[in-house]
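Chain residues, written in single-letter form:
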Amino acid sequence: MKFTLKKMAGMAKDNDKIFKTIHERKIKMLTKVERIQKDIESLAQFSCVEGIGCTRFTYTKEFRQAADYIISEMKAAGLEVREDPVGIIIGRLEGKNPNAPVIMTGSHFDTVKTGGRFDGPAGVVTALETARVLHEEGFKRALTTVLNNYGKKMKILKDRDE
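All values reported here derive from a predicted model rather than from experimental measurement.

Asker: Which residues make up the state of the cysteines, and what values do they have?
Answerer: Tallying each qualifying case throughout the model produces zero disulfides. Here Cys48 stays free of any disulfide, with the sulfur of Cys54 as its closest cysteine sulfur at 8.2 Å. Judged by relative accessible area, Cys48 falls into the partly exposed class, the value being 42%.

Shown next as structure tokens:
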């Protein structure tokens with residue numbers, strides 16, 4: 001779909017209305033640090049090395065356990081969730097305008113060897129927390145939000161095609 005300046009201006013007006021509604025209804029839209037911490041700690045448990053950082057390589061048992069945890073949490077946050085054939089987890093929070101472009105967010109949830117617990121999962125869990133808050137407040141954005149969480153498979157696919 002081609003977006004003209006006029007269409008984009010219309011979407012901007014919709015967003016202005018949304019911000020006005022938030023202000024008038026005094027919607028708090030507060031993230032919960034405890035949930036973010038719980039997610040980071042939960043994902044850090046899925047490591048093949050104990051005591052030294054977090055090691056979760058793509059397509060391992062630990063990677064699958066982390067994927068299952070993320071899928072469960074995304075569903076609980078009201079997202080429509082699917083996993084593509086290479087294991088990319090896609091969660092969709094529908095917006096009001098199905099023809100508008102989508103907002104994509106997320107990150108990888110695998111790690112390097114003995115990486116930190118924030119290596120990748122920080123982007124996954126902050127996107128997840130945003131979806132939770134929108135869901136809890138019953139707030140429907142004009143644009144659809146898509147959480148895209150993946151492993152290093154993006155590089156694997158790129159290398160394969162070269």
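Asker: Tell me about helix α3 (residues 61-76), and name the residues and values.
Answerer: Its 16 residues place the ends of α3 23 Å apart at the C-alpha level, agreeing with the 22 Å of an ideal helix rising 1.5 Å per residue. Three or more residues of α3 are buried, namely Glu62, Phe63, Ala66, Ala67, Tyr69, Ile70, Ile71, Glu73 and Met74. Gly78 sits one or two positions beyond α3 and adopts a positive phi of about 85°.

Asker: Please provide a residue-by-residue account of the nonpolar core, values included.
Answerer: Ranked by internal contacts, the top residues of the largest apolar core, which has 23 residues, are Leu43, Ile70, Met74, Leu79, Ile89, Phe109 and Leu147. Looking at this core, the elements that each hand over two or more residues are α2 (33-44), α3, β2 (89-93) and α4 (121-137). Residue contributions to this core peak at seven residues, all from α3. Discounting chain neighbours no more than four positions away, the residues touching Ile89 are Ala67, Ile70, Ile71, Met74, Val81, Arg82, Glu83, Phe109, Leu147, Asn148 and Asn149.

Asker: Before we move on, can you summarise the pattern of salt bridges with the specific residues and values?
Answerer: All told, the structure shown has eleven salt bridges when counted by the stated rule. One salt bridge connects Arg35 with Glu129, and the closest N-O pair in it is separated by 2.7 Å. Taken as a pair, Arg35 in helix α2 and Glu129 in helix α4 lie far apart in primary sequence, 94 residues in all. Taken as a pair, Arg35 and Glu129 share a single burial class, namely buried. Each of Lys32, Arg35, Lys38, Asp39, Glu73, Glu129, Arg132 and Glu136 takes part in salt bridges that share partners, so that together they form one network.

Asker: A description of the packing of aromatic side chains should follow, citing residues and the corresponding values.
Answerer: If you walk through the whole model with that rule in mind, you get three aromatic pairs. Taking 5.9 Å as the distance between ring centres and 65° as the angle between the ring planes, the aromatic pair formed by Tyr59 and Phe63 counts as edge-to-face. Exposure remark for Phe63: the relative accessible area of 4% places this residue in the buried category. Residues Phe63 and Phe109 carry aromatic rings whose centres are separated by 4.5 Å and whose planes lie at 15° to one another, so their mutual orientation is stacked. Here Phe63 is found in helix α3, whereas its partner Phe109 is found in the loop between β3 (103-105) and α4, with 46 residues between them in sequence. An identical accessibility class is assigned to Phe63 and Phe109; each is buried. Taken together, Tyr59, Phe63 and Phe109 form an aromatic cluster joined through their ring pairs.

Asker: Lay out the side chain of Ser47 in plain terms, naming residues and giving numbers.
Answerer: Tracing the chain through its elements places Ser47 in the loop between α2 and α3. Given the relative accessible area of 15%, Ser47 is considered buried. Within the local environment of Ser47, its side chain forms a polar contact with the backbone oxygen of Val49, the two atoms lying 2.9 Å apart. For Ser47, the side chain forms a polar contact with the main-chain nitrogen of Thr55, separated by 2.9 Å.

Asker: For the environment of Gly116, give the residues involved together with the corresponding values.
Answerer: Structurally, Gly116 is set in the loop between β3 and α4. In this structure, the C-alpha to C-alpha distance between Gly116 and Ala44, residues 72 residues apart in sequence, is 8.6 Å. With residues up to four places along the chain from it excluded, the contact list for Gly116 reads Cys54 and Thr111.

Quick notes on the rules
Residues numbered from 1 in each chain as written. Predicted model: local features only at pLDDT ≥ 70, side-chain atom pairs only at ≥ 80, totals over all residues. Heavy atoms only, no water. Disulfide = S-S within 2.5 Å. Buried < 20%, exposed > 50% of the residue type's maximum accessible area, 1.4 Å probe, protein only. Helix = DSSP H or I, 4+ residues; strand = E, 2+ residues; numbered from the N terminus. Expected span 1.5 Å × (residues − 1). Core = buried A, V, L, I, M, F, W, Y, C linked by side-chain atoms within 4.5 Å. Contact = heavy atoms within 4.5 Å. Salt bridge = Lys/Arg side-chain N within 4 Å of Asp/Glu carboxyl O. Phe/Tyr/Trp six-rings, centres within 6.5 Å; stacked < 30°, edge-to-face > 60°. Polar contact = N/O pair within 3.5 Å; in protein donor to acceptor, adjacent residues only side chain to side chain.

On their own, these measurements won't tell you what the molecule is for.
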